[in-house]
Every structure is written in structure tokens, then in C-alpha cells.
Protein chains: 2
Amino acid sequence: MVNFKIENPTTVHFGKDVMNDLGNTIALYGKKVLLVYGGGSIKKNGIYDKALEQLKSVGAKVVEFHGIKPNPLVDDVNEAAELGRKHDVEVILAIGGGSVIDSAKVISVSIPLQTSAWRIMIGLDKPKKAIPLIAVLTLAATGTEMNMFAVLQNEEANKKIGYGHQMMYPKHSFLDPQNTFSVPRDYTAYGIADLMAHCLENYFGKGEATLSDRFVHSILNEAIEYGPKLLEDLTNYELRAKIMYAATMALNGFTAYGREKGDWGVHAIGHVLSLLYDTPHGATLSIAYIAWLKLHLNRTNERIALLGKAVFGSKNSDETIKHFESFFASTGCPVRLQQAGIESREKGKILSTMIKNKVNGGHHKLSEDDLRELVDLMDQPI
Amino acid sequence: MVNFKIENPTTVHFGKDVMNDLGNTIALYGKKVLLVYGGGSIKKNGIYDKALEQLKSVGAKVVEFHGIKPNPLVDDVNEAAELGRKHDVEVILAIGGGSVIDSAKVISVSIPLQTSAWRIMIGLDKPKKAIPLIAVLTLAATGTEMNMFAVLQNEEANKKIGYGHQMMYPKHSFLDPQNTFSVPRDYTAYGIADLMAHCLENYFGKGEATLSDRFVHSILNEAIEYGPKLLEDLTNYELRAKIMYAATMALNGFTAYGREKGDWGVHAIGHVLSLLYDTPHGATLSIAYIAWLKLHLNRTNERIALLGKAVFGSKNSDETIKHFESFFASTGCPVRLQQAGIESREKGKILSTMIKNKVNGGHHKLSEDDLRELVDLMDQPI
């Protein structure tokens, strides 16, 4: 077990109607609010109205930035930060899933720095302070609500990368499972694949951390037991709550503490698919993880087998991979490129982008030959 | 799943030589330091010297209060608080196990309130602010290092009770597994029983919280797998680290979130034994839990069986209890009163104190008949 620090300052408000405390919580930080959201689904499902009511109740002045894309773009972040600067905002309220909250995290540190978001993402400018960020989560998936990480896409640079800084934790995150009732079946499944992938990236990282491994098993078991039930009953509060909490716990530190590092090779692969084909993040991971596991079948055999034993009761690593594949497939997540509408002739382009963007794992290193094999495995017949 | 809030402000510094950051961390809060510790074992094992060196390196002025008892007394807390007031301390540094850190938590809120600690413990005076508390943990057991709870004993009132307040979280806790190397075998085992009991108190609480249940399984499995190995190899860093981290995770919220409440009936029973016979806390719990499980064998049968299946692979609730009993016994923890040197003729006194102190569970209610049966079960031949 390596040394680690637990320092997670986010207050999570979890449960039914927790948004009733949103106004008073925002008022702790100021009255000039930058409201950030996505394509407008929050106007259809009533969350926008609830938030505005809360903001009004404390006399907040609101400027809005909307239109954050599901694969969030750095240009939007820059535009939103400029708006925030112009209005001298004191608080940011982000309502949405991972893309919106990730964007808001980078907005929160780029407003005071007066710099472009991409310079922060690539480490050229270091955050010095942050506008306090309050998040209302509408999608159980990325875990962004209780961590310091953000992923953004830069179309100009043709890159999608992650960045994290201690100042980027939301001050408060409001998690009402009811706010995920209107997430359609497919995106609900992508969220489940995403939270499971976060467990796996940590599990296949470097260094022994037995209790963190057990938490990985716990969260995977929760997703595998209740995920399929939720997909048959999308407005079931208890099931939405279980998956929402599992997603938060998958990436708030407790699957990682004591390890030297996570792997994150599969996320790097997934980001290339999102970049090239705008494939939803979770759907890239179900494809890429199956290929990655097959590539590593004889490299990290025992660890794959132990995982499968704990999670599926499977007898060996081969069986473990089959379980993961059939689980993802049963939830409607793609496990091959063609299921995400990506044809075989794209293979060369995927590989060259992977190589150009230096796709690799933090622990399990991927050579060019490995990347080629991974692309072939993602394109295998089912 | 009921609504809950995750709001844990403690920064945990976990690992080898983390005390190297102690001085700078203390200096963030001030230079006038109240140092609180127990019977002086920290002078023998070098931890005291390390701490003083750190304090000196940042020019801190230190006043000391020592002599906190293993079952901590409210009178000591009052005396330490008076000392802190007199010297106008800005920071409290607590070095020790649960008793020292619990005492320091109450000292931290009673200094500014200028009231007796017992009035805070029984809810008559509410904390308004707290002197920042930094903890250096020397015993893996109670989990106090990352929660807001404290247990104190009042000899005059003949009571041992718990109290918690959001202001009572340590600001920082330093957890170096090396600092537990000199804990003897018996107290190491009591610590393991204590952390397991925290899992069980939460597990047998009220309300369904499936992921928190899985975390309970995880932590119990960790203790059951590595606890006995540690008892054979007391200066093994990895094993000390595993048990130390498990103890922290057993009572920092993550075995509880989503439940209506924990039970805590067994702790209430254990406190009576500590009060009457000064029995070490963990040793009271191994005795009381076996009796409690037997009493509840036919009352919460399925839940006991499910736990045993997940933790021991046992087939039914009866077998589960036998597993717990033989596990505790194998670690050298008492599972009957006589093993803790408490004779059968004490039964009446134990029962009357239980009744007088209104011993009960938060979820599983205990009648006078139940308490009588529990005392008999604790006194059963082995």
C-alpha cells in the first residue's frame, strides 16, 4: 500500500427533493450566479424551473450559459468563462451530467486566471483560485460530482484529455435520483458501463490495495445486480438511487486509495472514439474494455480471474471476460465498433489517431502493436 | 435508501512517515498548541519525540495535558480544557488512540464554550465553535480519526456515553501504520474486534442500503483475512496498514450512508462492562456481540445468514454466529464474561446497571427480559 491523502471537500446532498436546499446553499457563496447547462433537457423535465425557483428565493442574479455538448468542447468553456468574468460572478451552478459539471470545473478555475481553458488542461497555467462550484447532477455515470477531475475535447488540437486539481472539487453536489428518471434507457446503460469502467481502471492500476479492491468488487456487484433491473424500470426511485450512489463511489477516491496509480488506458482509447465519431463516452468504454481484457488475457491473467471470481463467481479469466461481454451486451451497450455505427474501414484512422495522441495506460503499457491488436479486437465479429 | 449528506472535512494523511508533514500542518492553524496524550507509551516508542521535533521546527509553544485513561474520563477533559483556556491555545494536537482523540474532540468544543464537558455530552450545551484539532493515531480501532464522534465516561454519573457534532471532526489525522507497531497482541486484537463491531452496528441498523452493506462485507473480509496474520507478525507494515485503513473505513460514514440509523445496542452493552470493570472497549464488544447475535438468531435470521454467506461463506445464521465466535476466540478476544475476568456473581449488577442506564438498540429494541437473557448468554459456558 502506498501513502495517500484523503482530502475530499465536496458536500454531497443525496436523496429525494434535496434541491430544496439549493438556494440557501448557493447564497452561502454569493448572489451573482453563472448557470451552466447542456442542450436544454432540464427545461423539459422540470429541473431548470426548480433551480430557478431556488435561485429566485434567495434573490440571486443569474447569467446563463447553455449548450455544453455531451462530449464537452474547450471553446464552450472559454466562452462561458468570458461570460462569467464579464458579469463578475461569485458562484457557478452547473446542472447536468459529466460534460456540464466537468466544463464548469474548468470554468471555475479559468475565470480568475484569465487564461484559455486548454492552457490549464495541458498544464501550462496552474489554477490559483476557483469560483465556488455547486453541481446538480442529472446523470449517474462519471462520478464528477465528488472528484476533482474534468475531461474536455479540443477539436482544433484533435484531442480529448483529462485534468484534475484540488481546487476543482464542487463545493456541494445535489444528487436527487428523481433527476435521472428521464434519462433514456441507452444513456442509463452507458452510465452503468462508465461507472463499471472507473472501477476497472482503478482495479487494473499499479500497486496492491486490498480494501480498495474489495470496494471495486462491491460497486461492480451493485451495478451488475441492480443495473439490469433499473433498465426495465427507469422511474424506480430505489434503483435509480442505487446506481447513482454507485457511480459516485466508483470515482471519488475509495476505489484508488493505497494504489500507486490507476491504469486509464481504456479511457484513453474511448476518448479517441468519442473524438472521431462523437460516440457517447460510456459506449466507447464497453467496446474498448472487452478488447483490452482480451489483449491482457495472458498478461494479467490471475488478476482478471480473481476479479471474475469475486464479481461473477467465474472460474477463470477467460470466463470472466465472457461475463463482462455478455453483461454489457445485455444492457444494450455496444461491445464492438460496428454496434456503435463505426465501420471496419475506419480502423486505420482510429489507429493513427491513437498513435498520434499517444494513447497509453498508466500501468499496462500499450505498444503500437498492442494498439493495432486492440483495434482489431474491437472490430471482431460478435 | 434514505436521504443522507456526505460532509467529511477531515484530511487523512496515510502512510509511512507522514508525520514529517505534522509541523507545517499545525502551523496552518496557529503556534500555541495544547498537546494531549495518554499514559506515556508515546514516550517509549518515539512518537512523542517525533511530534516535539515537528512542533519545534515551526516554533510552536506547547502546553501538555497527559494521563487520558483508556476508558476516558470527563474530569480529565474538563481539566485539559481549563489548561487550554488558560494558555489561549490555537490548536490541539492529540496523539493516541480513540480515548485520547475522543477526549480532544470534546476539549476542542468545550474550550470556547467555557462549559463542562458533560453538559455538551448530554446535549445541554451546543458547540458553537471548535479549536482546530490535529490527530496522530497510534491504535487502529475506533475510527475516531475520521468521524465526529466521541465517547466519554462519567464516574460520578456512572455512565459512559457517546456524542457527535459536525464541528468535532479532526481537521487532519496522521495515520502512520508504523505508529501502531508497538501495540501489543491483545490490544491489536481488541482493535480488530472494535472495527468489526462498527461494521455490524451499521449492518444491523434500520433501512436498506445495499452498497453500504457491501462495504460492510468488504471491511469485515479485510479484517478476517488479514487480522489473524497481523497477530502473528505485529511489525509487518503492510498488515498494520490494512487493519489501520479498515478501521478508519468502518466508521467514517461509508458503512452507514443510506440507512435510517445504525443499531449501537451492543456498544451500549459494552460501555456498561467498561464502566463497571474497566474492560477494554474492544474486548467488551467481542463478548457482547456473540450474545447479541444469539439473542437475535430467530429475530433477524435472514440478515444474519446473508452476512455470514458474504463474509464466511456460511450456510445459515446459526453457522454465521459460530464463525464469528470462533473468529473472535482465535484472535484471543474474550467471548464470555469469565474470559474478561468477570465472574457469574456479577450478573445482577451488570443487569441493574444496564437497566438504570437505559441500554438499548436504535433499531432492535431490548426489553428487560432481553437484557437478562443477554447477560445469561454472556455468562454461558464456552
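Quick notes on the rules
- Residues numbered from 1 in each chain as written.
- Chains lettered and ligands numbered in written order.
- Predicted model: local features only at pLDDT ≥ 70, side-chain atom pairs only at ≥ 80, totals over all residues.
- Pairing = 2+ DSSP bridges.
- Helix = DSSP H or I, 4+ residues; strand = E, 2+ residues; numbered from the N terminus.
- Axes fitted to C-alpha atoms, helices over the stretch in contact; angles between N-to-C directions.
- Contact = placed C-beta atoms within 7 Å.
- Parallel < 35°, antiparallel > 145°, perpendicular 65-115°, else oblique.
- Left-handed = near helix turned anticlockwise from the far one by under 90°.
- Nonpolar A, V, L, I, M, F, W, Y, C, P; charged D, E, K, R; others polar.
- Least-squares fit on C-alpha atoms with pLDDT ≥ 70 in both.
- Domains from an automatic or database assignment.
- Core = buried A, V, L, I, M, F, W, Y, C linked by C-beta atoms within 7 Å.
- Buried ≥ 20, exposed ≤ 12 C-beta atoms within 10 Å, placed from the backbone.

Chemist: How should the sheet that holds strand β1 (residues 4–6) of chain A be read in this particular structure?
Modeler: In any sheet, the strands associate via hydrogen bonds between backbone groups, in a parallel or an antiparallel arrangement. The seven strands lie next to each other as β1(A)-β2(B)-β9(B)-β6(B)-β5(B)-β3(B)-β4(B), forming an open sheet whose pairing is mixed. Two strands in the sheet have a free side with no partner beyond their single neighbour: β1 of chain A together with β4 (61–66) of chain B. For this sheet, the mean inter-axis angle between neighbouring strands, taken without regard to orientation, is 15 degrees. Summarising the sheet, strand β3 (residues 32–37) of chain B and β4 of chain B pair through six bridges and their orientation is parallel. What sits directly across from V36 of chain B, in β4 of chain B, is F65 of chain B. Contacts from helix α5 (residues 98–113) of chain B reach β3, β5 (91–96) and β6 (133–137) of chain B, with the element oriented near 165 degrees to β5 of chain B.

Chemist: For this particular structure, what's the right way to read the environment of Q338 of chain B?
Modeler: Locating Q338 of chain B in the fold gives a position in the loop between α13 (317–330) and α14 (347–356). Linking Q338 of chain B and D379 of chain B, residues 41 residues apart in sequence, is a C-alpha distance of 7.0 Å.

Chemist: Help me understand the packing of helix α11 (residues 281–295) of chain B against helix α15 (residues 368–379) of chain B, please; the structure alone is not making it clear to me.
Modeler: The axes of two packed helices give the description: the angle between them and the distance between them. Residue and element names in this part refer to chain B. Direction vectors running N to C along α11 and α15 enclose 125 degrees, while the axes themselves pass 9 Å from each other. Taken together, α11 and α15 sit at an angle that is classed as oblique. The two elements α11 and α15 meet at a crossing, and its hand is right-handed. Seen from α11, the contacting residues are I287, A288, A291, W292, K294 and L295; seen from α15, they are D370, E373, L374, L377 and M378. For the contact of α11 with α15, the class distribution of residues is eight nonpolar, no polar and three charged.

Chemist: Which parts of the structure should I look at to understand the pairing of strand β2 (residues 11–14) of chain B?
Modeler: As a general feature of sheets, a regular strand has side chains that alternate between the two faces. Note: β1 of chain A against β2 of chain B, three bridges, orientation antiparallel. Bridged to K5 of chain A within β2 of chain B is H13 of chain B. Sheet topology places β2 of chain B next to strand β9 (residues 172–175) of chain B; four bridges connect them, and they run parallel. Looking at β9 of chain B, one finds that F14 of chain B is bridged to L175 of chain B.

Chemist: Help me understand the interface of chain B and chain A in this model?
Modeler: How big an interface is tends to be reported as the loss of accessible area on association of its parts. On the side of chain A, 29 residues touch chain B, which itself brings 29 residues to the contact. If you tally residues by element for the side of chain B that touches chain A, the top one is helix α8 (residues 210–231) of chain B, at seven residues. Here the residues of the side of chain B that touches chain A are counted per class, giving 14 nonpolar, eight polar and seven charged.

Chemist: When you look at the relation of the copies chain B and chain A in this model, what are you seeing that I'm missing?
Modeler: Each of the two copies of the chain can be brought onto the other by a rotation about an axis and a shift along it. Once turned by 180 degrees and shifted 0.0 Å along the axis, chain B lies on chain A with an RMSD of 0.0 Å. Taken together, these values place the two copies in the relation of a two-fold axis. Mapped onto chain A, 100% of the interface residues of chain B are again interface residues, and the two copies thus contact each other with one and the same surface.

Chemist: Would you mind showing me how to read the domain arrangement of chain A here?
Modeler: All names here are of chain A. As far as domains go, chain A holds domain 1 (11–180) and domain 2 (185–379). Between the C-alpha centres of domain 1 and domain 2 there is a distance of 26 Å. With 20 residues of domain 1 at the interface, the matching set in domain 2 holds 24 residues. Where the side of domain 1 that touches domain 2 is concerned, the elements lending two or more residues are β2 (11–14) and β8 (159–164).

Chemist: Help me understand the nonpolar core in this model?
Modeler: Burial of nonpolar side chains together is a common tendency in soluble globular proteins. Among the nonpolar cores identified, the biggest contains 264 residues, and V36 and I92 of chain A together with V36 and I92 of chain B are the most heavily contacted of them. Contacts of I92 of chain A, omitting those with residues within four sequence positions, involve L34, V36, A104, I107, S108, I131 and L133 of chain A.

Chemist: Help me out: how do you make sense of the pairing of β6 of chain B in this one?
Modeler: Residues and elements named next belong to chain B. The buried fraction of β6 amounts to five of the five residues, a majority that puts the element mostly inside the structure. The two faces of β6 match: L133, A135 and L137 on one face and I134 and V136 on the other face are all buried. In terms of strand pairing, β5 meets β6 through five bridges, oriented parallel. When the bridges of β6 are listed, G96 appears paired with L137. Relative to β9, β6 is paired through three bridges, and the arrangement is parallel. Among the inter-strand pairings, I134 is bridged to a residue of β9, identified as H172.

Chemist: Just checking my understanding: could you explain the packing of helix α10 (residues 265–277) of chain A against helix α14 (residues 347–356) of chain A for this structure?
Modeler: Residues and elements named next belong to chain A. At their nearest, the axes of α10 and α14 sit 10 Å apart, and the two run at 120 degrees to each other. Classified by the angle their axes make, α10 and α14 are oblique. α14 is crossed by α10, and the crossing has right-handed handedness. Facing I269, V272 and L276 of α10, the residues of α14 in contact are K349, I350, T353 and M354. For the contact of α10 with α14, the per-class residue count stands at five nonpolar, one polar and one charged.

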